[in-house]
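Summary of structural features
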Amino acid sequence: MNYQLLGACLMLLVSPITSANFFSIQPPVEQGEIWGPKQVANVEEVARVFRESLIEATGDAPLMRRDAHPKAHGCVEGSLQINPENLKPEHQVGLFKEQQTYKTITRFSNGDPNHKKDDDKADVRGMATKILGTTYKNLLQEASIEEDQVHDLVFMNSDEFFISNPKQYEKFMNATQGRFGVLPYLLTHWRSLGVILKAREKIANPLDINYRSATPYKIGPNSMKMKFETCKKHVDVMPKNATPNFLSEKLAKSLAAGEECFDFLVQINRDPKKNDIEDSINKWNVKKSPFVKVGRLTLKKQVGFLEDASKDKCEKMTFNPWRAPMANRPLGGLNRVRLEVYLRQFEFRTEYNQK
Ligand code: HEM
């Protein structure tokens, strides 16, 4: 008898997802955001499917991993230097308020829900950075849900997200449970298919590519997207006989040899009519809304992050885009879905893993 799986299923039955929700901490709408009973219903359905998938993916394994981006290449130490001098005064808020240098931890990942998938296959790539000891509080602290004074930047290798809004996300998640998987959804939603195909790339080193917020965030009175642009001048060549986890080996080799960096840029939305914050598939025109450099993330020269104890710490970490100050909070319905789902899923997998 698989008691762990049985326990998880019972938990699902006795604690309907609606019992622990975070709807009360959703901030008031602004800048054209849409949020009401319909979107709340979308979230409930998305959260239900997410939880069911997590239970199914875990099976009888003792460890419940993240359902998105479960495979890490490593959590590495560094520092983020902020310099807001290129921003207008009204945009010098939250993280961008003043010149500052913060310690950071960055987790590089593959996006595929299957953590056993080999690194040499095409995949979406993730980069989540935790900024430690910020001079400001984040929204989860303000809501008394957490105490740590941190700010998380949860990025992926795409300018835009593959789903536009909560309604479409519900449709997509329901499709994952259908007989033919997401194929029928993608074949009838060309923009989504286009974004996914572009984001699924083969890489030879996690330090070779750029990572972006994809969805919009607040910057004072406006919206913005953010980007980490690699400082690496030469892209590595794909190894001939790549091992299943060669990306972590590549990352370790690079950082053992010396420090590496990413420039940190923001793209202020100068065309809010076209760049609708309720349509996350939207790519913002860089000529109309150019990127501005606001700092640099330096990953220090280091060894040891692939040792068991460090890997275990990395697995237990959580990143959430809502660990952000109000002045730089995530914007739009899709990000509001994330406020519910990241917290619920993290709570759920932590409970399972502590048993
Ligand atoms: C409605 C949209 C989205 C939903 C519902 C969603 C859901 C999730 C969930 C549940 C996790 C696991 C969290 C945990 O248990 O710790 C996760 C992780 C992650 N997501 Fe999303 N996600 C969404 C959009 C995005 C977007 C737009 C990005 C990037 C721009 C992104 C990048 C990531 C990354 C990088 C991780 C791994 C974080 C880590 O290293 O721990 N997600 N996502």
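For the structure, see preceding data.
Here is a short report on the structure shown in this document. (Residues numbered from 1 in each chain as written. Predicted model: local features only at pLDDT ≥ 70, side-chain atom pairs only at ≥ 80, totals over all residues.)

As a further point, take unusual backbone geometry. Here the phi dihedral of His69 falls at roughly 55°; this positive angle occurs in a residue that is not glycine. With respect to the helices, strands and loops of the structure, His69 is situated in the loop between helix 2 (37-58) and strand 1 (71-82). (Helix = DSSP H or I, 4+ residues; strand = E, 2+ residues; numbered from the N terminus.)

Turning next to the nonpolar core. In terms of nonpolar packing, the biggest core is built from 67 residues, with Val46, Phe155, Phe228 and Phe264 touching the most fellow members. A total of 8 residues in this core trace back to one element, the largest contributor, which is helix 9 (residues 333-354). Setting aside residues up to four positions removed in sequence, Phe264 forms contacts with Leu80, Phe228, Val294, Gly295, Arg296 and Leu297. (Core = buried A, V, L, I, M, F, W, Y, C linked by C-beta atoms within 7 Å. Buried ≥ 20, exposed ≤ 12 C-beta atoms within 10 Å, placed from the backbone. Contact = placed C-beta atoms within 7 Å.)

What surrounds the ligand is a group of 27 residues, the closest being Ala68, His69, Gly126, Ala128 and Ala214. Ranked by residue count, the leading element in the shell around the ligand is helix 9, at 8 residues. Grouping the constituent residues of the shell around the ligand by class yields 15 nonpolar, 7 polar and 5 charged. (Near = placed C-beta within 6 Å. Nonpolar A, V, L, I, M, F, W, Y, C, P; charged D, E, K, R; others polar.)

For strand 1 and strand 9 (residues 291-299), the ladder comprises 5 bridges, and the chain directions are antiparallel. Bridged to Ser79 within strand 9 is Thr298. Bridge count for strand 8 (residues 260-268) against strand 9 is 8 bridges, and the pairing is antiparallel. Following the sheet pairing, Val266 is matched in strand 9 by Val292. (Pairing = 2+ DSSP bridges.)

For strand 3 (residues 125-132), a buried count of 7 out of 8 residues is recorded, marking the element as mostly surrounded by other parts of the structure. For strand 2 (residues 100-110) and strand 3, the ladder comprises 7 bridges, and the chain directions are antiparallel. By the bridge assignment for strand 3, Phe108 is matched with Met127. Sheet topology note: the strand 3/strand 4 (residues 150-156) ladder contains 7 bridges and is antiparallel. Within strand 4, the position partnered with Met127 by the bridge is Phe155.

Before going further, it helps to examine the environment of Ala61. Residue placement: Ala61 occurs in the loop between helix 2 and strand 1. For Ala61, a count of 11 C-beta atoms within 10 Å gives the class exposed. Between the C-alpha atom of Ala61 and that of Pro113, which follows or precedes it by 52 residues, the distance is 15 Å.

Taken by themselves, the reported measurements are silent on function.
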